[in-house]
Amino acid sequence: VSMYPAEEILGVIKSKNNKPTKMFYRYYRSNEESWARSRIAGLSANLVATSLVVPMDLLKTRIQLLGEGRVGYIRSEPVLNSMYANAQGGSAQFFVGTSAALYRTTLYTFVRMGLYARLYKHIMRDEPRTRMSLFNKSYAMALSSGVAALVSNPFELVFLRQQADTYEGTAHKRNYRNPIAAISQIRAEGGNGALFTGAKANFLKVALLNATMVAPFEVIRAWLKRGFGDWAVFNLFAAGIAAVPAAMLSLPFDNIKTKLQNQPAAVNGRLQYNGVLDCAHQTFAKESYKGFYRGFGAYYMRVTPHAIFALLTLDFVHKVYDLADGH
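Thresholds, definitions, all that
- All residue numbers refer to position in the chain's written sequence, counted from 1.
- Given that the model is predicted, a residue must reach a pLDDT of at least 70 before its local features are reported, and side-chain atom pairs must reach 80 or more before they are shown or counted; all residues, however, enter totals for whole chains, interfaces and linings.
- The side-chain quantities take in all heavy atoms of the structure and omit both hydrogens and water.
- Helical segments are the DSSP runs of H or I of at least four residues, strand segments are the runs of E of at least two, and each set is numbered from the N terminus.
- Each residue's exposure class comes from its accessible area (1.4 Å probe, protein chains only) as a fraction of the maximum for that residue type: buried when under 20%, exposed when over 50%, partly exposed otherwise.
- In this description, contact between two residues means that some pair of their heavy atoms is separated by no more than 4.5 Å.
- Areas reported here follow the Shrake-Rupley algorithm with a probe of radius 1.4 Å; residue values treat only the protein chains shown as occluding.
- The aromatic pairing rule takes the rings of Phe, Tyr and Trp, using the six-membered ring of Trp, and pairs them if the centres are within 6.5 Å, calling planes under 30 degrees apart stacked, those over 60 edge-to-face and the rest tilted.
- Only buried Ala, Val, Leu, Ile, Met, Phe, Trp, Tyr and Cys residues count toward a nonpolar core, and they belong to the same one when joined by side-chain atoms within 4.5 Å.
- When a carboxyl oxygen of Asp or Glu is within 4 Å of a side-chain nitrogen of Lys or Arg, the pair counts as a salt bridge.
- Expected helix span is given by 1.5 Å per residue-to-residue step, counting one fewer step than there are residues.
- Here a polar contact means two N or O atoms within 3.5 Å. Within protein one must be a hydrogen donor candidate and the other an acceptor candidate, and residues neighboring in sequence count only if both atoms are side-chain atoms.

## A look at the overall build of the chain
Part 1 of the reasoning: A tally of regular secondary structure across the chain gives eleven helices and zero strands.
Part 2 of the reasoning: Listing every helix and strand of the chain by position from the N terminus yields α-α-α-α-α-α-α-α-α-α-α.
Part 3 of the reasoning: Counting all 327 residues of the chain, 45% fall into the buried class.
Part 4 of the reasoning: Taking contacts inside the chain between residues at least 6 apart in sequence as the whole, the part at least 24 apart equals 76%.
Part 5 of the reasoning: Total accessible area on the chain stands at roughly 17600 Å², and carbon and sulfur atoms take up 63% of it.

## Some points on the packing of aromatic side chains
Part 1 of the reasoning: All told, the structure shown has four aromatic pairs when counted by the stated rule.
Part 2 of the reasoning: Look at Y103 and F155: their rings are 5.2 Å apart centre to centre, the planes differ by 10 degrees, and that puts the pair in the stacked class. Of this pair, Y103 sits in helix α4 (residues 98-126) while F155 sits in helix α6 (residues 153-164), and the two are 52 residues apart along the sequence.
Part 3 of the reasoning: For Y103, a relative accessible area of 38% puts it in the partly exposed group.
Part 4 of the reasoning: Take F155: its relative accessible area is 13%, and that puts it in the buried class.
Part 5 of the reasoning: A centroid spacing of 6.3 Å and a plane angle of 80 degrees characterise the contact between W223 and F228, whose relative ring orientation is edge-to-face.

## Comments concerning the nonpolar core
Part 1 of the reasoning: One finds L209, M213, F217, Y299 and V303 to be the most contacted residues of the largest nonpolar core, which totals 16 residues.
Part 2 of the reasoning: For this core, the secondary structure elements donating two or more residues are α8 (199-228), α9 (233-262) and α11 (296-324).
Part 3 of the reasoning: The biggest single contributor to this core is α9, with eight residues.
Part 4 of the reasoning: Setting aside residues up to four positions removed in sequence, M213 forms contacts with A242, A243, A246, V303 and A307.
Part 5 of the reasoning: Formed by 13 residues, the second largest nonpolar core is a distinct cluster that contains A101, F159, A182 and I186.

## Observations concerning the pattern of salt bridges
Part 1 of the reasoning: Evaluated as defined, the whole model comprises nine salt bridges.
Part 2 of the reasoning: Among the ionic pairs, K60 bridges to D254, the shortest N-O distance being 3.0 Å. Of this pair, K60 sits in helix α2 (residues 20-66) while D254 sits in helix α9; the two residues are 194 residues apart in sequence, bridging distant segments of the chain.
Part 3 of the reasoning: Under the relative-accessibility criterion, K60 is labelled buried at 3%.
Part 4 of the reasoning: The closest approach of N and O atoms between E287 and R294, which form a salt bridge, is 3.2 Å.
Part 5 of the reasoning: For E287, a relative accessible area of 2% puts it in the buried group.
Part 6 of the reasoning: Look at the salt bridges and you will find they share partners, linking K60, K205 and D254 into a network.

## Focus on helix α7 (residues 179-190)
Part 1 of the reasoning: Over its twelve residues, α7 extends 16 Å from the first C-alpha to the last, a length consistent with the 16 Å expected when each residue adds 1.5 Å.
Part 2 of the reasoning: Turning to α7, its buried residues number three or more, namely P179, A181, A182, I183 and I186.
Part 3 of the reasoning: Near the N-terminus of α7, the side chain that reaches the backbone nitrogen of I180, with its oxygen 3.2 Å away, is that of N178.
Part 4 of the reasoning: Just downstream of α7 lies G191, where phi reads positive at about 80 degrees.

## Regarding α8
Count 3.6 residues to each turn of an α-helix, and residues three or four apart come out pointing the same way.
Part 1 of the reasoning: Here α8 spans 43 Å end to end across 30 residues, near enough to the 44 Å set by a 1.5 Å rise per residue.
Part 2 of the reasoning: Note on α8: the residue one or two positions beyond its end, G229, has a positive phi of about 100 degrees.

See the structure below:
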């Protein structure tokens, strides 16, 4: 009951004085089904998309690790060929960390959707419009996705380290057996705080990624719809274009997150990177500004397909729901 505003519930009860209990049950049931369906559809879309882009995550992470502390451009193709040649598990090696990524996505999706729904209700209550403005939509997306990234950071940490273990240059391999065992091991070694290593950089990366993708996507989609009609393919095209500024603004923080989460344990009480600002300073000093955009191609190819796969899966799930309802 606490999920719905009191004035809506009272309005339903007052409007039907004869059978308030029955009417409230119908109202709650319909909203409960809508709530469950939206989250099932959103989770399904994100899980499928996450599974399919794990190889691009691996390639992006490998390029970032190869370029740490170096100046110069690293091409994706030689790195990809080297990864395939040295893969002991064959093609399955490209999907290392998938289970941790799915744990992360599940937790992230539920937190983000729940928080976004509450922000939406709060903003629309104070905004005399039928639709949320692009600014408020971007703000709600940034805050809800950023908080969700903080909550799911432990699994993001495990995912990054499992992928880093596949790089032969990583001297401090963790060899986690599975995500749950990894969480226990990290807590045992560094306490609860260790689970949130790189959480600030993760928050900034995810918040910027989602906030800067909303406005371009909405504007481009609306322009295409006015000019050419309402075609589903335009959603995919708009997502691909919107991913360019989103990737450019969020990649520097993703690069910092990779360094912070993969750094070895403290030696004599000192870490290699002491937070986001120190990591950014060292990256600029050793790699120049280009170091922040290491792996841009792989990162873009991870962001764009994820958005496209999520849109396609979401559309498919909604069609299944419609068929089940006889629509």
